[in-house]
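Fold and geometry: a report
Residues per chain are reported as follows:
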Amino acid sequence: MSPLLPPVDPSVTAQLVAALTPRLRKRLDAGVAKVTERPVVRDGDLVRIAVDDDTDLELHAPGGVVTRAEAIRCGCLLAPDCLHRAAAASAAPVAEPTDTAIVEPPHAEPSVTETPFTEGPQQAPPASESDSGSGSGSPHAPAPVRADGPVPESATPAQREAAAALHDAAAAVLEAGAEGAGAVLQAELLRAAHTARLAGLPRAAGRAVAVVTAVRAARDHDPAHRLSDLTAALRDVLVLAHRLQAATGPELTELRGRVRQPYTPDGSLRLYGLFAEPVLTATGYAGTVTWTADAAGRLHTVADVAPGGAERATGSADRAVRIGDTSLTPRELSRAGLAVSGATVSPAGRLGAGAGIRAVRAPGVSWHAEPLDRLWAVPVAEQISRALASDLDVAKAYDTGATKDPDGRNGGAGRHSRDSGGDRDGRDLLFLDVTLIGTVREAAGECLLADCDGLTLRLAAAHDDPALPHRENLRLLALLASERGARLRVVARLTPAPLPRALLLAASRPTDPAAHVDLGLDRLRRADLPAAPTPDAPATAGNSRTTPIVRPAAVADEAPVHLLRRRVHQAASGGRRVLAFPGSRDSEAARLRRYGLGTAGELLTALHATAAERARDPFGRLLPADAGRFAAAWLGAAVYAEEVDRALCAAAWGVSPSPS
């Protein structure tokens, strides 16, 4: 995936790959590799790739996104049926789905997805054949009634068919693994995602696009790739496709998802800047989300997210965002305030920027003053319970693409990456007072150790991209860990893990507790740390500035659920074949049973068995593996491992796990 290319709509990639001949499909992965190595020149909305000395490939991206197959043009003799067009689309980032109209068969039950907001004033939704009558097809009519009660709503035939196609495409990707899922398999999943979106299943479609994005990141060895993100996206697609077949009523509404987040009037608001964080997604969107709180402590966000890369993520912090009659940069807003009248707010707390909104700049307050101080007054156990409950609903935020408020303003990139922060509601945020006590080295890098109400908390960098200052700031804060008793007020995001762990987003300034530092946007300097003791001053536990204490990771006698989780991740990365090889499967299953995890042992045994299961035809030749059986076994193991991880996280923080 080339970050220099504009994002391409999933339907465009699927269309171009489907048009290739079988011979060209076999050469598609090589074509993608060739395109990514060629020079790229951008001129406004036109991106030009020099395929060779005599041939140029052009991508027309009005608004920064390629939305039509005709917008990709090639100058070679085989165009438009050449390999180059499909290779360019497959090499480009996957665009957030566009506002394609939801199409359903006549007389089918109406889709529960909402009419997308248009670029101008809101328009009434187009009338359909089912809207004209007063029967069950009308969205305002009561549900049909039987003698024994209302008939529960069920998925339409088109939605069931789309869900089945999504399941088969995702199972094929799982069968091959990220290493074997080339451009053709990716295009099949994108086609299934596009079909699902047309059928009124935006939630499943968004997760399918996330799978393709994660697969491409893995194949390109992108440093930002996380195997856990790929595993979660695959799990979500398979769960949604499975549950949609039989779901009814409110469960079906939840599984379908929504195309757009609605903005509703919220009267007058007095907002206080809290902090700002950068957004940098694998789908080619970047920017900044600024968090604010109102007088009651409710969180609201102002987002400036659009197609772009790391440069946009860092530069948007100082780019003014217009809100009503005023404009503030995210860096300014995170420390100032707003007085807003006629406010419109999305369910996730995103503040609209329509023409009817009036806003003026107002003074901000420190984290130690009301109303912000009340965020830190909430007991830690209550915050953890809230965040774990939010994690249960995390896939719901994948419903939307790049959201827009009713006036068409780009509002964010959704949450196609759990690190994006683009459309979070803030329930997973933790507001903690901590005392730094040391550092610890992990596989992903160094993280801080902090005491939080008697628990040893690990604070890790929220993003590893070198263009963002997260990791550099963490290293400087580690110098404070050598000063036993260095106390900070922080904002972090919970990471479910067997040990208390969170991603550090903002912290009070060490030399001025009344101010704060946005750790993804501001760069700390040594001058921002307390002055080191003079040579004549005796070194004490409170003023020592030696190398930070490095403590080894605690080795707890915990249930070895990681044995099952590791196999789940291996399958997502390497496919079914990596689990078909003989190895230590029996000893791992036996170890799980010894720790009382009998179900985990059975799931691991079934996972290996289905991976190695191959039938033969009457002539003794191996038949293709049953991808559906393997996907079912893998899904059971993935869901179980996730639930155990959540329970272990709750136990580590000393709270009761939320029911799933």
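Going by the structure above, here's the rest.
In this report, we go over the structure that sits alongside the text. (Residues numbered from 1 in each chain as written. Predicted model: local features only at pLDDT ≥ 70, side-chain atom pairs only at ≥ 80, totals over all residues. Heavy atoms only, no water.)

**A word on the overall build of the chain**
- Across its full length, the chain holds 19 helices and 21 strands.
- Counting across all 660 residues of the chain, residues that qualify as buried make up 52%.
- In the chain, once contacts between residues fewer than 6 apart in sequence are set aside, the share between residues at least 24 apart is 67%.
- Within the structure as shown, the chain displays about 27700 Å² of accessible surface, and the carbon and sulfur contribution to it stands at 55%. (Helix = DSSP H or I, 4+ residues; strand = E, 2+ residues; numbered from the N terminus. Buried < 20%, exposed > 50% of the residue type's maximum accessible area, 1.4 Å probe, protein only. Contact = heavy atoms within 4.5 Å. Areas by Shrake-Rupley, 256 points an atom, 1.4 Å probe, with all protein chains shown as cover.)

**Some remarks on empty space enclosed by the protein**
- Using the criterion set out here, one finds two cavities of 30 Å³ or more in the structure.
- Along its surface, the second largest cavity is lined by Thr288, Thr290, Val302, Ala303, Asp304, Val321, Ile323, Leu328, Thr329, Pro330 and Leu333.
- Broken down by secondary-structure element, the contributors of at least two residues to the lining of the second largest cavity are β8 (285-293), β9 (299-307), β10 (321-323) and α11 (330-333).
- Among the elements that make up the lining of the second largest cavity, the one with the highest residue count is β9 (three residues).
- Grouping the amino acids of the lining of the second largest cavity by side-chain chemistry returns seven nonpolar, three polar and one charged. (1 Å grid on protein atoms, 1.4 Å probe; cavity = no way out; pocket = protein on both sides within 12 Å on 5 of 7 lines; lining within 4 Å. Points joined across faces, edges and corners; volume = space filled by probe spheres on them. Nonpolar A, V, L, I, M, F, W, Y, C, P; charged D, E, K, R; others polar.)

**So, the sheet that holds strand β2 (residues 46-50)**
- Strands sit in the order β1-β2-β3-β4 across an open sheet of four strands; the sheet is antiparallel. Unpaired on one side and paired on the other, β1 (40-43) and β4 (72-74) mark the two borders of the sheet. The mean inter-strand angle of the sheet, taken between neighbouring strand axes irrespective of direction, is 20 degrees. (Pairing = 2+ DSSP bridges. Axes fitted to C-alpha atoms, helices over the stretch in contact; angles between N-to-C directions.)

**Looking at the environment of Gly309**
- Looking at the element boundaries, Gly309 is found in the loop between β9 and α10 (310-315).
- The exposure class of Gly309 is partly exposed, given its relative accessible area of 33%.
- Note: C-alpha distance between Gly309 and Ala286 (23 residues apart in sequence) is 5.6 Å.

**A word on the pattern of salt bridges**
- Per the counting criterion, the structure on display carries 36 salt bridges.
- Two residues, Glu175 and Arg576, come together in a salt bridge whose shortest N-O distance is 3.0 Å. Residue Glu175 is located in helix α5 (residues 157-180), and its partner Arg576 is located in the loop between α15 (562-574) and α16 (577-580); the two are separated by 401 residues in the primary sequence. Across the pair, Arg576 and Glu175 agree in class, each one buried.
- Two residues, Asp645 and Arg565, come together in a salt bridge whose shortest N-O distance is 2.5 Å. Of the two residues, Asp645 sits in helix α19 (residues 627-653) while Arg565 sits in helix α15, which places them 80 residues apart along the sequence. (Salt bridge = Lys/Arg side-chain N within 4 Å of Asp/Glu carboxyl O.)

**Concerning the sheet that holds strand β7 (residues 264-280)**
- One open sheet holds the five strands; their spatial order is β9-β8-β7-β12-β13, and the pairing between them is antiparallel. Edge positions in the sheet fall to β9 and β13 (358-362), since each of these pairs with one other strand and no more. Strand after strand, the sheet turns through a mean of 40 degrees between neighbouring axes, direction not considered.
- Alignment of strand β12 (residues 337-345) against β13, held across five bridges, turns out to be antiparallel. Looking across to β13, one finds that Gly337 is bridged to Ala362.

**Some words on α19**
- For α19, with 27 residues, the first-to-last C-alpha span of 39 Å sits near the 39 Å given by 1.5 Å per residue.
- Where α19 begins, one side-chain oxygen reaches toward the backbone nitrogen of Gly628, 3.1 Å away; that side chain belongs to Asp626.
- Phi turns positive one or two residues past the end of α19, at Gly654, with a value near 75 degrees. (Expected span 1.5 Å × (residues − 1). Polar contact = N/O pair within 3.5 Å; in protein donor to acceptor, adjacent residues only side chain to side chain.)

**Let's talk about the packing of aromatic side chains**
- What the rule picks out here adds up to three aromatic pairs.
- Relative to Trp291, the ring of Phe275 has its centre 6.1 Å away and its plane inclined at 10 degrees; by these criteria the two rings are stacked. Taken together, the positions of Phe275 in strand β7 and Trp291 in strand β8 put the pair 16 residues apart, joining distant regions of the chain.
- In this structure Phe275 comes out as buried when scored by relative accessible area, which is 0%.
- With a relative accessible area of 1%, Trp291 lands in the buried category. (Phe/Tyr/Trp six-rings, centres within 6.5 Å; stacked < 30°, edge-to-face > 60°.)

**Some points on the nonpolar core**
- Grouped together as the largest cluster of nonpolar side chains are 61 residues, with contacts concentrated most on Leu174, Leu189, Val211, Leu230, Leu234 and Trp634.
- Breaking this core down by element, the ones donating at least two residues are α5, α6 (183-198), α7 (202-219), α8 (227-244), α9 (249-256), α15, α18 (598-612) and α19.
- When sequence neighbours within four positions are dropped, the list of residues in contact with Leu234 reads Ala170, Val173, Leu174, Val211, Ala572 and Trp634.
- In terms of nonpolar packing, the next biggest core, distinct from the first, is built from 37 residues, Leu432, Ala478, Val490 and Leu519 among them. (Core = buried A, V, L, I, M, F, W, Y, C linked by side-chain atoms within 4.5 Å.)

**Quick look at the packing of α7 against α8**
- The geometry of α7 relative to α8 is characterised by a closest axis approach of 8 Å and an angle of 150 degrees between their N-to-C directions. One finds that α7 runs roughly antiparallel with respect to α8. Crossing angle aside, the handedness with which α7 passes α8 is left-handed. For the pair α7 and α8, the contacting residues are Arg203, Ala204, Arg207, Ala208, Ala210, Val211, Ala214 and Val215 in the first and Leu230, Ala232, Ala233, Leu234, Asp236, Val237 and Leu240 in the second. (Parallel < 35°, antiparallel > 145°, perpendicular 65-115°, else oblique. Left-handed = near helix turned anticlockwise from the far one by under 90°.)

**Details of α6**
- Between its first and last C-alpha, α6 extends 22 Å over 16 residues, near the 22 Å set by a 1.5 Å rise per residue.
- Every buried residue of α6 is accounted for by Ala183, Gln186, Ala187, Leu189, Leu190, Ala192, Ala193, Ala196 and Arg197.
- Tucked inside the fold, the buried residues of α6 contact α1 (10-18), α3 (28-37), α4 (83-91), α5 and α7.
- Directly after α6, the chain includes Gly200, whose backbone phi takes a positive value near 90 degrees.

**Description of the packing of α8 against α15**
- For the pair α8 and α15, interaxial distance at closest approach is 9 Å and the crossing angle is 85 degrees. What the angle tells us is that α8 and α15 run roughly perpendicular. Of the residues in α15, those in contact with Leu227, Ser228, Leu230, Thr231 and Leu234 of α8 are Val568, His569, Ala572 and Ser573.
- A per-class count over the contact of α8 with α15 returns five nonpolar, four polar and no charged.

**Notes on the state of the cysteines**
- Summed over the entire model, instances satisfying the criterion amount to zero disulfides.
- Of all cysteine sulfurs, the one in Cys76 lies closest to Cys74, which takes part in no disulfide; the gap is 3.5 Å.
- What makes Cys74 buried here is its relative accessible area of 13%. (Disulfide = S-S within 2.5 Å.)

**Side note on unusual backbone geometry**
- Backbone torsion omega between Ala79 and Pro80 reads 5 degrees, so that peptide bond is classified as cis.
- Pro371 follows Glu370 through a cis peptide bond whose omega is 10 degrees.
- The topology assignment puts Pro371 in the loop between β13 and α12 (373-377).
- The phi angle at His221 is positive, at roughly 55 degrees, despite the residue not being glycine.
- For His221, the location among the structural elements is in the loop between α7 and α8.

**A word on the environment of Glu96**
- Residue placement: Glu96 occurs in the loop between α4 and β5 (145-146).
- Since its relative accessible area comes to 3%, Glu96 is described here as buried.
- Remark: the alpha-carbon pair of Glu96 and Gly206, spanning 110 residues in sequence, is separated by 8.1 Å.

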